[in-house]
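Coordinate inspection notes
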Amino acid sequence: MKYKFRLLISVIFFLVFALCCFVFRSMPVAKIWNNYSVLYTDNSVPEATVLFYLEQEGCRDVISLSGQKMPPLSQFTMPEAIDETYLDERLGYFSDESSSYQLFYIPDQYHDRAKAAAVSLIKGTGAEAGLDGHEQYPWLVPLICFVTYLLLTLCSKKKAVFMFTGIFPLLVSLSQPFYVVAAAVCLSLVAICLINGLWIRRKFFTAIFRSIYIDILIVASMAIPFASSLTAGLLGVGAFFTVTMSFVFLKAIHEYREYRSSFSFVPIFSAWQIPVMYRRSAGYVLGSVIPLASLLVLFLVSTLVTTTSSMAGLSIPSPVLYGQKTNGKSLPDENSYFAWVWKARAYPYKSLNDDSEIAVPSEGDRITTSHFTETERGIVKSEETIYTYNSKFRDKLRGEIKNFDYNAIEKLMIAQDETSTVSYNTGIESKSDSQHNAMNMFLLFIAISVPVILYGVYFGFGRKKNENSKLHNSR
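Residues numbered from 1 in each chain as written. Predicted model: local features only at pLDDT ≥ 70, side-chain atom pairs only at ≥ 80, totals over all residues. Heavy atoms only, no water.

1. Observations concerning the overall build of the protein
Looking only at helices and strands, one finds 16 helices and 13 strands in the protein. Looking at the protein residue by residue over its 475 residues, the buried ones come to 45%. In the protein, the proportion of contacts linking residues at least 24 apart, taken out of those at least 6 apart, comes to 80%. If you sum the accessible surface of the protein, you get close to 25,400 Å²; carbon and sulfur atoms cover 60% of it. (Helix = DSSP H or I, 4+ residues; strand = E, 2+ residues; numbered from the N terminus. Buried < 20%, exposed > 50% of the residue type's maximum accessible area, 1.4 Å probe, protein only. Contact = heavy atoms within 4.5 Å. Areas by Shrake-Rupley, 256 points an atom, 1.4 Å probe, with all protein chains shown as cover.)

2. As for helix H1 (residues 2–23)
If you check H1, its first and last C-alpha atoms are 32 Å apart, about what 22 residues at 1.5 Å a residue would give, namely 32 Å. Those residues of H1 lying buried are Tyr3, Ser10, Phe14, Phe17 and Cys21. For H1, the arc enclosing every buried residue in end-on projection is 70°, short of the 170-degree limit, so these residues lie on one face. Looking at H1, the residues exposed on the side facing more than 90 degrees away from the buried face are Lys4, Phe5, Leu15, Leu19 and Phe22. (Expected span 1.5 Å × (residues − 1). Arc of directions from axis to C-beta.)

3. Brief notes about the sheet that holds strand S2 (residues 36–42)
In space, the three strands of this open sheet follow the order S3-S2-S4, with antiparallel pairing throughout. At either margin of the open sheet sits one strand with a lone partner, and together these are strand S3 (101–107) and strand S4 (129–131). Taking each pair of neighbouring strands and ignoring which way they run, the sheet shows an average axis angle of 20°. Along the sheet, helix H2 (residues 47–56) makes contact with S2 and S3, crossing S3 at roughly 30°. Where helix H4 (residues 111–125) meets the sheet, its contacts fall on S2, S3 and S4, and the angle it forms with S4 comes to roughly 165°. (Pairing = 2+ DSSP bridges. Axes fitted to C-alpha atoms, helices over the stretch in contact; angles between N-to-C directions.)

4. Describing a nonpolar patch on the surface
On the surface, Leu140, Leu143, Phe146, Val147, Leu150, Leu151 and Leu154 cluster together into a nonpolar patch covering about 650 Å² of accessible area. One can find Leu151 in helix H5 (residues 140–155). (Patch = residues over 30% accessible without salt bridge, like charges linked within 9 Å, V, L, I, M, F, W, Y side chains within 5 Å. Salt bridge = Lys/Arg side-chain N within 4 Å of Asp/Glu carboxyl O.)

5. Description of the environment of Asp61
As for its placement among the helices and strands, Asp61 is situated in the loop between H2 and helix H3 (84–89). Asp61 gets classed as partly exposed once you look at its relative accessible area, which sits at 43%. When the C-alpha positions of Asp61 and Ile106 are compared, they lie 7.0 Å apart, and in sequence the two are 45 residues distant. Look past the residues within four positions of Asp61 in its chain and what remains in contact with it is Tyr105, Pro107 and Asn407.

In structure tokens:
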């Protein structure tokens, strides 16, 4: 009866995990802006109508032309200090260069709903409309995981056991085909391969957690996916528990067969006495660097060779790297906003005898005020720094923008890379929302370093320990 209960619980785990992988599947989406999708529609449709369709589909926090206000400044700011040029030019974000189409910016979490709203809008009004994002399934990413799975199957002592338990991490790579997730899947497959060598021995489950090699691989494979998304991270944790239940499932089947058999074989050594890392398994661990490095190369290629989105040939605002040539008119970016705020805040401290315009700030510029104090030595002048134009000042402004009580275009600006400007473009370089470049590259390097470090630890310490253990057993 106890066998049936364990089998039933395990099967339930398998089905729930497979269902979660299907329901919460995700796919990289090529987009123009970080964190936002662009909806375009021709000017024949009133803005209120477009917003109505978006709201009907549940889209929230849409950045639109009618929703713009003058960003809040100090109540002491003088009207003369406000640069109207910035306020006017930022409105260019809401139309194409020919002013024939209007543009709306929808947060990423509402991308699918925005797609449905665009379809409803076209059906309801007959107007031309579209969304910039298009899904691209990167088949090479899960394929690398599958090849790793096949190669480790050939290397495993208990091939059938590895094939069954290793299938669950593969489901995560199919459900979340992102580079970082695939790297974590490869590490988890290596961990299962090492565990495979302990299979069916006494103290099997406790031996797993006594091995620093297996523990590090398991922790890394569960922690890394969280950097991709919360969903990927939770599926990674789910894969760990499902793999655990798969061993419980196989153990129940084995025990039932042993119970029905007239005799059974019991390994002499327990799992505690079997080294997890030895010369051959250490080679498998080090060999996992190859698929991990392949993922890193694919990632680098994907960031350098971006897809191009024409947006029906429209010339619309898009981010471009500093120094990159553009054909269209430039638009304000976050640095323009910072300069606008700087000028407004510097104006009250400007000398009345100075008729020159306040310059665009450079790194380290300061706004100071003079204080005069009467002392025993006479009147002493001192300078107090009110503002310094530096990263701390800019971060504070970004925090203020996030707290705006309306959907400001500045929220779109600060979501972009700091090394980009904005201009009208027709050939637009799309980005993938799975690629937070710096973080993902860092995590891929971490994933590659894990097997290298484990191999180094074995080569430096574990190999000698294993040799001493063999010598002791021979005596």
